[in-house]
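Read off the chains here:
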Amino acid sequence: MVQLVPYEEHAREEWQLVRLWRKPKKHYVRVMGWLRTARGRRKRKGGSIRYFTLCGQEAVDIRLLERYGILVKTARGYPDVGFCEEDDGVYGAIIGNLKSVGKPVLGKFEDIVKRGDFADWFQYDVVNLDFSCRVFRGSEDPFSGPWGAIRAVLEAQAQRDAGFDLFLTFNASRGTGDEASINQLKSLLEENLRDDRRKREFERRAGITTAAGLVDTNFTQFLLYAVPKLLTSLAIDNEFSVGIGDSFYYKRRPRNRPPYYIVKFIFTLERRHKKPRRVKDLPQAVADYNRAAYQAITCRKIDVNQELRARPKLRQGLERHVKRLLE
Amino acid sequence: MRQQELREQGLVSKTFPINAAAKIIADISTGIYRSPAAALKELVSNSFDAGATELTISTGYPDFETLTCIDDGDGIKYDDFTDVMQYIGGSIKREVSDVGRFRRPIIGKIGIGILALSQVKEQFSIVTSPRGESYGFEAKINVSEFKGKMATRVHLGKGEIGQYNIRKFREGKNKHYTIITTAKMRDGFRTILRDRPQKKFKPIAQSKGDFYEFALKLQNYGNRPLDGYENMLFDLATMAPVPYLEEGPIKGWRGWEFMKRRLEKYQFRLIVDGLDLRKPILLPTSLDLTSVPDDYKVYRLSFNDIVDGERLKFTGYIFHQRKQILPPNLQGILVRVRNVGIGVFDKSLLNYPIRVGPMGGGICGEIYVHDGLERALNIDRNSFRETDPHYLEMQKKLFDELGLPRQEGIFRDIRNRSEKRLEKLKRKEMRRAYERLQQKLQRLIGRPFYITESRKRHSQPVVVSPRTGRIRVFKHPLLPDRPKERTDMIKLLVAFELARSQATAVDQRSTFYDLLARM
């Protein structure tokens, strides 16, 4: 029996034809954000790093890190790299480009993390979760979608006695049905703003006094403040102290669809307790939390569009750089 | 009227359609391929035929969850794909041309090769974009329902052996590729690949070297059995139409350059889990085997004639070395049809009727069939129908070359070489023993002695001339063959002859025992 789907626009076509992963905006974040952070991790570790990614078809991030000596490439490929891809064709294309990878996984990452053996193999120094989906998935439970996966990652990584860097990417669109989760996130941010110092900084930077106000006026900015707070809470629950790096955002203008923003975050997580938590460790835990909560407000939020508009040579340089990486 | 009468009497023949039970087709898809390598070979053949310059296979080592094959070949056209899937057994490949890109001989005869994937997993997807077209399509294929008893009564052409969904998408016109993915390989397939009979050894696959290092390591394994994954890599590299290693198949032998060049010209790379596969044939397989023909020898064979109305043409070589060839996977004869190995090296030497004993462990041969023999291929393309005239002719030619009892042939030559080599070794050992004896006699007697061996018979085994210092050793039944015993006997006789030159019996006796003690 043949079930034919008529020749139609397919979501995959756009980014495949346009090759969005080659665009300078995305590459800016790779170079200015991911590469710098991964370099720091490599230096601290004193050796090559293990890297997990939800990369695109041409695996530009992997090639970039390898080109700068952060990832090892042998005659046989990338033994310290793992990736996950849901689409069969894209999965195959990635394998075709990289030849061999330490841990290739086919499937939806949110389902992969639910497998019993996930914590056994998920042990990485840098984890890059480019979800490119909305922060929430229209469910009342904010942990049903990508956040469930993030939590599973934190739990798995907590079994290592070492820190790691985490890169997150989301589509900053607000979907119908997300409201319950957004409200929870809003509450989390408002809780963060109960501290006067943090509130002052928030008002100065966001130009608004309440989280609720930001949700309605600038949802992208709201996410830039709220997501780090959410991540911090999850990380601290798993005995990590959190350092919040620069956040990035840029606009995308797809054909035949309304424009939307992409938001990207960088976190550095270090293990707080080598032994089970003790009462006398609590003040340190509180201090870590307060520091991270403050950073969530004060970390740089870089408008990539603006950066590239102001520096056209940088844009050209990034375009050339991507091309060279893919040669 | 007459016809009607005959019909009523049952004397007119009727024509019925032949309905092959679709279970035959189910067998193809569920398990006639004997090994993972044999199943993967079909995918390799498809890519080769599609003009791919590179086929990358990822097995998901070491978990073997997902198998992926990606090639840059011509892709599959939508209409062709639906035709092949509708009418299993038909093929577009040979109908168009017998020779493909890079002048590669087209391998595939029937388009069901793709169903070899079903042995890996009942559900798989194909994403492809044909050359010169601005579309691609993704097909998800499912044959899981079609197995066992359900298949026994379905008529071919009317029933289904599975289902597939197709979705088209837009693609750049300059893109051409095929990507095949199966998620979660069958347990049986995985079990074979994960099999590790010698768990204490670190798997070769974990090493970071290239395929040349892999092939060398396997040689150094000795008789250790390869694990499932190593076997798959080795067998696939053996069977696939990939080039030889630079030094292969036989170091220093230029008699196979034409074949090596031909394979290089096909420009086909097969990369499995990052390993760029080459034919893993590097002979001789021991570093101490350096001398031709003492240590090894290559025998050529060829045939070109009409057999049973069709041309049969093949060329090949048979290599023999005096030590066992390692790994054992290389022992035997491999037949290649259109550059693809049919099965693996056959230790039985195509059912050679005589026991060859240890000699068989030193034999490795390849036969490339350029014309003919294809009709003898079984449907799995990994074995032959042994009653086919072409197969029988090839077998006969091979047996003639190997030699049957009381006939000249390779095995007789191997025995002759072995005897000559042993003879040489014996002579060498004796030469060394004589030199040692000469030196000892010079020290004892105080003058030089020179020992020579003669092939002539003499009444005495040893003749010593004390005046000239010359000692001649003749052919004599008293002298053993084995060098050590022979040397001891010669010492005894030399001592006797030298002692005889003394004047008195007492002196003779004391000289004799003295020389014996000191020699």
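Bear in mind that the values here come from a model prediction, so they are computed numbers and not experimental data.

A.B. asks: I tried to follow the pairing of strand β5 (residues 126–134) of chain A on my own but got confused; where do I start?
C.D. replies: In summary, the side chains of a regular strand alternate between the two faces of the sheet. All names here are of chain A. Most of β5 is tucked away: 7 of the 9 residues are buried. Inspection of the sheet shows strand β2 (residues 51–53) paired to β5 by 3 bridges, in the parallel sense. Across the sheet, Phe 52 pairs through a bridge with Val 127, a residue of β5. Sheet topology places β5 next to strand β6 (residues 164–171); 6 bridges connect them, and they run parallel. In the strand pairing of β6, Arg 134 is matched with Asn 171.

A.B. asks: Is there a simple way to think about the side chain of Thr285(B) in this case?
C.D. replies: Residues and elements named next belong to chain B. Structurally, the position occupied by Thr 285 is in the loop between β8 (275–276) and β9 (296–307). A distance of 2.9 Å separates the side chain of Thr 285 from the side chain of Gln 321, its partner in a polar contact. A polar contact of 3.4 Å, which involves the side chain of Thr 285, links it to the backbone nitrogen of Leu 326. Apart from the residues lying within four places of it in its own chain, the contact partners of Thr 285 are Gln 219, Gln 321, Gln 324, Ile 325 and Leu 326.

A.B. asks: Can you help me understand the pattern of salt bridges in this one?
C.D. replies: Pairs can form between side chains of opposite charge whenever their charged atoms are close. Following the criterion strictly, the structure yields 49 salt bridges over all chains and no others. A salt bridge links Lys45(A) to Asp125(A), with the shortest nitrogen-to-oxygen separation between them at 2.8 Å. Highlighted residues: Lys45(A) in helix α2 (residues 24–45) and Asp125(A) in the loop between α6 (118–121) and β5, separated in sequence by 80 residues. Take Lys45(A): its relative accessible area is 40%, and that puts it in the partly exposed class. Across the salt bridge formed by Arg174(A) and Glu179(A), the nearest N and O atoms sit 2.9 Å from each other. By relative accessible area, which is 35% here, Arg174(A) ends up partly exposed. A relative accessible area of 32% places Glu179(A) in the partly exposed class. Among the charged side chains, a salt-bridge network with shared partners connects Lys99(A), Glu54(B), Arg269(B), Asp276(B) and Arg278(B).

A.B. asks: Hey, could you run me through a positive patch on the surface in this one?
C.D. replies: Taken together, the side chains of Lys23(A), Arg253(A), Arg309(A) and Arg315(A) present a region of like positive charge at the surface. Counting through the fold element by element, Lys23(A) comes out in the loop between α1 (11–18) and α2.

What counts and how
- Residues numbered from 1 in each chain as written.
- Chains lettered and ligands numbered in written order.
- Predicted model: local features only at pLDDT ≥ 70, side-chain atom pairs only at ≥ 80, totals over all residues.
- Heavy atoms only, no water.
- Buried < 20%, exposed > 50% of the residue type's maximum accessible area, 1.4 Å probe, protein only.
- Helix = DSSP H or I, 4+ residues; strand = E, 2+ residues; numbered from the N terminus.
- Pairing = 2+ DSSP bridges.
- Polar contact = N/O pair within 3.5 Å; in protein donor to acceptor, adjacent residues only side chain to side chain.
- Contact = heavy atoms within 4.5 Å.
- Salt bridge = Lys/Arg side-chain N within 4 Å of Asp/Glu carboxyl O.
- Patch = residues over 30% accessible without salt bridge, like charges linked within 9 Å, V, L, I, M, F, W, Y side chains within 5 Å.
- Areas by Shrake-Rupley, 256 points an atom, 1.4 Å probe, with all protein chains shown as cover.
- Lys, Arg positive; Asp, Glu negative; His and termini not counted.
- Charge placed at Lys NZ, Arg CZ, Asp CG, Glu CD.

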